[in-house]
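Commentary on secondary and tertiary structure
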Amino acid sequence: MYNFHPLCSSLKCFAETPNGRNKLTMIAEPLEKGLAEDIEQGAVRVGWRKKRLEEFFQTKYDWDLLAAR
């Protein structure tokens, strides 16, 4: 099951286990312009310390602290 929200250009996904006791909800949004290029060029790396990643996304892409984590 999914819902498309054209106003925010996101995709909301929902999954439920067969017994109905566990649920997972996720919202996927497009990457900011330039982020894919930064990843491909090595300007940002998954192996960085958590604090360094947070600072990178907060300064370069103006993400809030929760999104930067």
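Quick notes on the rules
Residues numbered from 1 in each chain as written. Predicted model: local features only at pLDDT ≥ 70, side-chain atom pairs only at ≥ 80, totals over all residues. Heavy atoms only, no water. Helix = DSSP H or I, 4+ residues; strand = E, 2+ residues; numbered from the N terminus. Buried < 20%, exposed > 50% of the residue type's maximum accessible area, 1.4 Å probe, protein only. Contact = heavy atoms within 4.5 Å. Salt bridge = Lys/Arg side-chain N within 4 Å of Asp/Glu carboxyl O.

Quick notes on unusual backbone geometry
A positive phi angle, near 55°, is found at D62, a position not held by glycine. Turning to its location among the elements, D62 is positioned in the loop between α2 (50–61) and α3 (65–68). With relative accessibility at 68%, the residue D62 sits in the exposed group.

Looking at the side chain of E54
Tracing the chain through its elements places E54 in helix α2. Contacts of E54, omitting those with residues within four sequence positions, involve L65, A68 and R69.

Comments concerning the pattern of salt bridges
A full pass over the atoms with the stated rule returns three salt bridges. D38 is paired through a salt bridge with K60; the nearest N and O atoms lie 2.9 Å apart. With D38 in helix α1 (residues 35–41) and K60 in helix α2, the pair connects residues that are 22 residues apart, well separated along the chain. We classify D38 as buried; its relative accessible area is 8%.

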